Amino acid sequence: MPENGLHWIKQKELMTDDEIIRLCSIFTQLGVDKIRITGGEPFVRKNCMELIQRISQINKLKEVSITTNGILTEPFIPELKALGIKSVNLSLDTLDEDRFFKITRRKEFQQVMKTMESLLSHNIQVKINCVVMDGQNIEDIIPLVNLGKNLPIAVRFIEEMPFNGDNKEISLKWNYHKIYEHIQEHFGDIQKLDDPKSSTSYNYKIPGFKGEFGIIAAYSRSFCGNCNRARVSPLGILKTCLYEGGGINLKDVLRSGKSDEELKQIIIQSIHHKPKDGWEAEKISSDPNAIHQSMATIGG
């Protein structure tokens, strides 16, 4: 979270629930069978549960998952379970309460841990997203891996990206290789798991552990050739790559009266022109400032 906070978007600039449902339906008709609700923080949105329920009922959709910071999530977990939500990604960069406040600007560490415990008790798969930041949370890497010793948790360590709310250069000291070597030095024997098709993470298991861990080379961008993801922001901006500045405004297209078939063609054309990787996307970005927006606005 940037020190000076975030710019809050006016309600009229956001997509309505009906617009989101229409877009989700169009994407599923084009072959998308998994939708992840993220943000920002999805549970800040009023009637978020009603929206998730409507999305989960879309024909041909096989899976709905959620990424959340865990602060507002806990009361909704029984309902998420009832809707068939099987997986929740929890953004958690540290297991230290003081460091948590320094990173997030919120004194909500205990609430996030309560959310994690509730998700596990409801047999919802928990994946923890941890951005590895030099000088901020390196001492949390090993404790986070150790969470998987007795808990069926998947921890994903993510290379720091330039989404820090300003134009400061980041340190890639803690890249994929450095993170892996740090974990291996501590635990020794590590088993490489088979990575699912189009996975963004390289996945591992320590013998005897219930959980597992993975590393996402988000800055090195070594997984770009297999990426099959697209993102639509709350403003309706279609991004085929996180490093893409700008993007097609599908909300404006929706409100212009275009038909579903016309929308499909616009989406298909955008996917066909997807940059070959994140480096190319950043290089050709029409809006360099968008590259450096805060991860707190982008979501997981």
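Our subject is the structure that appears above.
As the structure is a computational prediction, the values presented were derived from the model and not from experiment.

**Student:** Explain the pairing of strand 3 (residues 87-91) here, please?
**Tutor:** Successive side chains on a regular strand alternate, one facing one side of the sheet and the next facing the other. The buried count for strand 3 comes to four of five residues, which makes it a mostly enclosed element. Summarising the sheet, strand 2 (residues 63-68) and strand 3 pair through three bridges and their orientation is parallel. Across the sheet, T67 pairs through a bridge with N89, a residue of strand 3. In this view, the connection linking strand 2 to its parallel neighbour strand 3 by way of helix 3 (residues 77-82) has right-handed handedness. The sheet contact formed by strand 3 and strand 4 (residues 125-132) spans five bridges and is parallel. Pairing of S91 across the sheet is with N129, part of strand 4.

**Student:** Looking at this model, I keep getting lost on the environment of K10. Mind explaining?
**Tutor:** By secondary structure assignment, the location of K10 is in the segment before helix 1 (17-29). Overall, the relative accessible area of 54% leaves K10 in the exposed class. Sequence-wise, K10 and L235 are 225 residues apart; in three dimensions their C-alpha atoms are separated by 10.0 Å.

**Student:** So what exactly am I meant to see when it comes to the environment of V155 here?
**Tutor:** Inspection of the secondary structure assignment puts V155 in strand 5 (residues 153-159). Since its relative accessible area comes to 1%, V155 is described here as buried. For V155, the contacting residues outside a window of four places in its chain are I128, L144, E212, F213 and G214.

**Student:** Can you help me understand the pattern of salt bridges in this one?
**Tutor:** Side chains that differ in sign of charge can pair as their charged atoms come close. According to the stated counting rule, one finds eleven salt bridges in the structure shown. Of the charged contacts, one joins K62 and D33 as a salt bridge, the two residues approaching to 3.9 Å between their closest N and O atoms. Here the residue K62 occupies a position in the loop between helix 2 (48-56) and strand 2, and D33 occupies one in the loop between helix 1 and strand 1 (34-37), the gap between them amounting to 29 residues. Given the relative accessible area of 32%, D33 is considered partly exposed. When the shortest N-O distance is used, the salt bridge between D195 and K192 registers 2.9 Å. Overall, the relative accessible area of 31% leaves D195 in the partly exposed class. According to the relative accessible area criterion, K192 is partly exposed, its value standing at 43%.

**Student:** Would you mind showing me how to read the packing of helix 1 against helix 9 (residues 260-272) here?
**Tutor:** In helix packing, the relevant descriptors are the interaxial angle and the interaxial distance, both defined with respect to the helix axes. Between helix 1 and helix 9, the least distance of the axes is 10 Å, while the angle of their chain directions is 65°. Relative to helix 9, the element helix 1 is oriented roughly perpendicular. Regarding helix 1 and helix 9, the two cross each other, and that crossing is right-handed. Contacts between helix 1 and helix 9 pair R22, I26, F27 and Q29 from the former with D260, L263, K264 and I267 from the latter. Split by residue class, the contact of helix 1 with helix 9 holds four nonpolar, one polar and three charged.

**Student:** Whenever I open this one, the sheet that holds strand 3 confuses me. Can you help?
**Tutor:** The strands making up a sheet associate through hydrogen bonds between their backbones, and the pairing can be parallel or antiparallel. A sheet is described by the order of its strands in space; here eight strands give the open sequence 1-2-3-4-5-8-7-6, paired in mixed fashion. Of all the strands in the sheet, the pair left with one neighbour each is strand 1 and strand 6 (191-192). Alignment of strand 1 against strand 2, held across four bridges, turns out to be parallel. Across the sheet, R36 pairs through a bridge with S65, a residue of strand 2. Packed on one face of the sheet, helix 7 (residues 176-187) meets strand 4, strand 5, strand 7 (201-205) and strand 8 (212-216) and runs near 155° to strand 8.

Reading the values: the criteria
- Residues numbered from 1 in each chain as written.
- Predicted model: local features only at pLDDT ≥ 70, side-chain atom pairs only at ≥ 80, totals over all residues.
- Heavy atoms only, no water.
- Buried < 20%, exposed > 50% of the residue type's maximum accessible area, 1.4 Å probe, protein only.
- Helix = DSSP H or I, 4+ residues; strand = E, 2+ residues; numbered from the N terminus.
- Pairing = 2+ DSSP bridges.
- Right-handed = clockwise from strand over helix to strand, strands pointing away.
- Contact = heavy atoms within 4.5 Å.
- Salt bridge = Lys/Arg side-chain N within 4 Å of Asp/Glu carboxyl O.
- Axes fitted to C-alpha atoms, helices over the stretch in contact; angles between N-to-C directions.
- Parallel < 35°, antiparallel > 145°, perpendicular 65-115°, else oblique.
- Left-handed = near helix turned anticlockwise from the far one by under 90°.
- Nonpolar A, V, L, I, M, F, W, Y, C, P; charged D, E, K, R; others polar.

Read these as geometric descriptors, not functional statements.
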